[in-house]
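Geometric and topological summary
For reference, the chains in residue letters:
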Amino acid sequence: MLYIAVAVFVLTRLIDFVFYGGHAHDLVAAVGFGVLFAGILLEERARNASPPTVRLRRRANVTAACGIALVLGSFLLEWKVSG
């Protein structure tokens, strides 16, 4: 269910960027949701590994954190919080 929700967010932001104005915050949000999706997939892969590797789990957490930061940054750009 989470995969579908994140994929829908990516597609809606890409459609907004391509067809409705080409704002940078839409592109940043699409990239952020894509990176978040990659982090979720890495976490799932780390969880399914026979000996759970700390290195893969750390990489998944860092990737997901970068995706969340990009999404939050895009919302700040969209709402013009920073200026």
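Now for a description of the structure that goes with this document. Note that the structure is a prediction, hence the values are computed from the model and not measured.

Focus on the overall build of the chain
- Scanning the chain from terminus to terminus reveals three helices and zero strands.
- For the chain, the sequential pattern of α-helices and β-strands runs α-α-α.
- With the C-alpha coordinates aligned to their principal axes, the bounding extent of the chain is approximately 45 × 25 × 15 Å.
- Counting only residues that meet the buried cut, the chain has 27% of its 83 residues in that class.
- Excluding contacts between residues fewer than 6 apart, the proportion of contacts in the chain whose partners are at least 24 apart in sequence is 56%.
- Accessible surface, the chain: about 5,700 Å² in total, of which carbon and sulfur atoms supply 71%.
- In the chain, which carries 8 positive and 5 negative side-chain charges, the distance between the mean positions of the two groups comes to 13 Å.

With respect to the packing of helix α1 (residues 2-19) against helix α2 (residues 24-48)
- Remark: α1 packs on α2, axes separated minimally by 8 Å, with the N-to-C direction vectors making an angle of 160 degrees. With respect to each other, α1 and α2 are oriented roughly antiparallel. Crossing of α1 against α2: the hand is left-handed. On the side of α1, the interface is formed by Leu 2, Tyr 3, Val 6, Phe 9, Val 10, Arg 13, Leu 14, Asp 16 and Phe 17, while α2 contributes His 25, Asp 26, Leu 27, Ala 29, Ala 30, Phe 33, Gly 34, Phe 37, Ile 40, Leu 41 and Glu 44.

Quick notes on a nonpolar patch on the surface
- Together, Leu 11, Ile 15, Val 18, Phe 19 and Tyr 20 make up an exposed nonpolar region whose accessible area comes to about 580 Å².
- On the basis of relative accessibility, which here comes to 55%, the residue Val 18 falls in the exposed class.

Overview of the environment of Val 71
- Relative to the assigned elements, Val 71 resides in helix α3 (residues 54-78).
- For Val 71, a relative accessible area of 7% corresponds to the buried category.
- Each C-alpha atom, one on Val 71 and one on Phe 17, is 14 Å from the other, the two residues being 54 residues apart in sequence.
- Residues within four places of Val 71 in sequence aside, it is in contact with Ala 29, Gly 32 and Phe 33.

Some remarks on the packing of aromatic side chains
- Considering all chains together, one arrives at three aromatic pairs under this definition.
- Where Tyr 3 meets Phe 37, the ring centres are 5.8 Å apart and the plane angle is 85 degrees; that geometry is what we call edge-to-face. Placement of Tyr 3 in helix α1 and of Phe 37 in helix α2 is noted, with a sequence separation of 34 residues between them.
- Given the relative accessible area of 26%, Phe 37 is considered partly exposed.
- With 5.5 Å between their ring centres and 15 degrees between their planes, Phe 75 and Trp 79 make a pair best called stacked.
- The class for Phe 75 is partly exposed, based on a relative accessible area of 23%.
- Residue classification places Trp 79 among the exposed residues on the basis of a relative accessible area of 60%.

Cut-offs and rules
- All residue numbers refer to positions counted from 1 along the written sequence of the respective chain.
- In keeping with the model being predicted, local features are shown solely for residues with a pLDDT of at least 70 and side-chain atom pairs are shown and tallied solely at 80 or more, while totals for entire chains, interfaces and linings include all residues.
- Note that water and hydrogens are dropped before the side-chain values are worked out from all heavy atoms of the structure.
- A helix here means a DSSP run of H or I that spans at least four residues, while a strand means a run of E at least two residues long, and both kinds are numbered starting from the N terminus.
- Relative accessibility under 20% of the residue-type maximum defines a buried residue, over 50% an exposed one, and the middle range a partly exposed one, all with a 1.4 Å probe and only protein chains included.
- Whether two residues are in contact is decided by their heavy atoms, any of which lying within 4.5 Å being enough.
- Method for areas: the Shrake-Rupley scheme with a 1.4 Å probe, in which residue coverage is limited to the protein chains shown.
- Residues counted as positive are Lys and Arg, residues counted as negative are Asp and Glu, and His and the chain ends are not counted.
- Each charge is placed at NZ for Lys, CZ for Arg, CG for Asp and CD for Glu.
- Angles shown run from 0 to 180 degrees and are taken between the N-to-C directions of axes, each axis being a line fitted to C-alpha atoms and, for helices, limited to the stretch in contact.
- Throughout, the term roughly parallel applies to angles under 35 degrees, roughly antiparallel to angles over 145, roughly perpendicular to angles from 65 to 115, and oblique to all others.
- Take the far helix as your reference; a near helix turned counterclockwise from it by less than a right angle gives a left-handed crossing, and one turned clockwise gives a right-handed crossing.
- Excluding any residue in a salt bridge, patches collect residues exceeding 30% relative accessible area, merging like charges within 9 Å and nonpolar Val, Leu, Ile, Met, Phe, Trp and Tyr side chains within 5 Å.
- Salt bridge, as used here, is a side-chain nitrogen of Lys or Arg placed within 4 Å of a carboxyl oxygen of Asp or Glu.
- Working definition: a ring pair exists when centres of Phe, Tyr or Trp rings (six-membered ring for Trp) sit within 6.5 Å. Plane angles under 30 degrees give stacked, over 60 give edge-to-face, the rest tilted.

The analysis is restricted to geometry; functional conclusions fall outside its scope.
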